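# Summary of the model geometry
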Amino acid sequence: MVVVDNAVYLRGNRVASPPSLDATYEVLHEKGGMAWIGLYRPDKEEIQSVGAEFDLHDLMIEDTLSGHQRPKIERYGDTLFAVFKAARYVDADERVEFGEVHVVVGSDFAITIRHAETPDIAAIRRRLEGDPELLGMGPESVLYAVIDEIVDGYAPVIAGLENDIDEIQDALFTEGQESSQRIYALSREVIEFQRATQPLVGIFEALGEGADKYGVPVELRRYLRDVHDHVLRVVERADAFRALLQNALMVNTALVGQRQNEASFAQSEQVKRISSWAAIFFAPSLVASIYGMNFEYMPELGWEWGYPFSLLLMFGGAVALYIIFKKNKWL
């Protein structure tokens, strides 16, 4: 369903639940109050319908049709257009899943447009309908409730990312290449989380600056300031996570390099040992091969001490080489 829920509210109470957008427009004109239209991945026809009814700017209509917008807030006359990124931590996959919601607020209407499964706009509507005093503050109360729900949803994400970072830090000294891959993957998620949260600081500043001009109720301003404080803490934690991951990556790179150097050193030591023993065995082989040529005119062949001398030469050469290699710590 494109139109998930739409209703007309008077003094914070639902007075009508029209079956279609056209019926909603008629009820709003007859009874006044505020219309809240909830859309899920609407097509061009639905967006153009609400755009024509509430005189939305063409650029706003174009933005609402396309997902993957950055978080932002824009004003077109008395109409406010905002984009927010919701986040959800998926325990099974140890990853962060992002959703997108657009909110359009005018003098007598609020339009919420979801492009993903999160946030749960139905839960936000039930919460506001349970507090007619808050909902009676006007369309800005819908904007506040959406922001509040999204920011509250960041808390489990912060906890999940913190747990993942703790696991990475514990595994730094036991894992090699796997740690690098996990750090890179988690860094990408933290960066995406920062892209969702950091623009909220500027959004709240813009809302605060326009509060007097657009007549935002004082009590609603207090609620928004409270959410603003939560946003600042979330942004600070995300910045800290990114710094921790950068440090972890540096430490992991150093440890991987150290392990590679240790492996190269051990391999070099093995080569030294093999070369040393090869040289030691080569000395007797050289002497034996010379006297094994059986040429007729070799002077040592007729010498009485030739055989003991050759054995002594082979043994002495091997011992001399062993002592040299041992002294140079090749053995």
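From a predicted model like this one, the values you see are computed outputs, not experimental measurements. Sequence order as written defines the numbering, with residues in each chain counted from 1. The model is predicted, so local features are restricted to residues of pLDDT at least 70 and side-chain atom pairs to those at 80 or more, both for listing and for counting; the totals for chains, interfaces and linings are taken over all residues. Side-chain calculation: all heavy atoms of the structure are included, whereas hydrogens and water are not.

Right, let's get into the pairing of strand 2 (residues 13-16). Paired strands, in this sense, are two strands between which DSSP finds at least two bridges. Strands here mean DSSP runs of E at least two residues long; helices mean DSSP runs of H or I at least four residues long; both are numbered from the N terminus. By the bridge criterion, three bridges tie strand 1 (residues 3-10) to strand 2 in an arrangement that is antiparallel. Looking at strand 2, one finds that Tyr9 is bridged to Arg14. Linking two consecutive strands that pair antiparallel, namely strand 1 and strand 2, is a turn of two residues; a positive phi of about 55° is found at Arg11 within it.

What follows is about the environment of Ile165. Residue position: Ile165 is located in helix 6 (residues 139-171). Relative accessible area serves as the criterion here: at 3%, Ile165 is assigned to the buried category. Along the primary structure Ile165 and Ala248 are separated by 83 residues, whereas in three dimensions their C-alpha atoms are 8.9 Å apart. The buried label applies to any residue whose accessible area, calculated with a 1.4 Å probe on protein chains only, is under 20% of its type's maximum; exposed applies above 50%, and partly exposed to all values in between.

So, on to the environment of Pro132. Its location among the elements puts Pro132 in helix 5 (residues 132-135). The sequence separation of Pro132 and Arg11 amounts to 121 residues, and the corresponding C-alpha distance is 7.1 Å. It only takes one pair of heavy atoms within 4.5 Å for two residues to be counted as in contact. Contact partners of Pro132, with chain neighbours within four places excluded, come to Arg11, Gly12 and Asn13.

Bringing the sheet that holds strand 6 (residues 95-105) into the picture now. Strand order in the open sheet made by the seven strands is 2-1-3-7-6-5-4, with mixed pairing throughout. The outermost strands of the open sheet, each flanked by one partner alone, are strand 2 and strand 4 (72-76). Going across the sheet, the axis of each strand differs from the next one's by a mean of 25°, ignoring polarity. Here strand 1 pairs with strand 3 (residues 34-40) via six bridges, running antiparallel. Bridge pairing in strand 3 links Val8 to Ala35. This element, helix 1 (residues 21-31), spans strand 1, strand 2 and strand 3 of the sheet and lies at about 5° to strand 1. Along the sheet face, helix 4 (residues 121-129) touches strand 1, strand 2, strand 3, strand 6 and strand 7 (109-114) and points at about 160° away from the line of strand 3. Fitting a line to C-alpha atoms yields each axis, with helices limited to the stretch in contact; the angle taken between N-to-C directions then spans 0 to 180 degrees.

Purely spatial values, then, with no claim about function.
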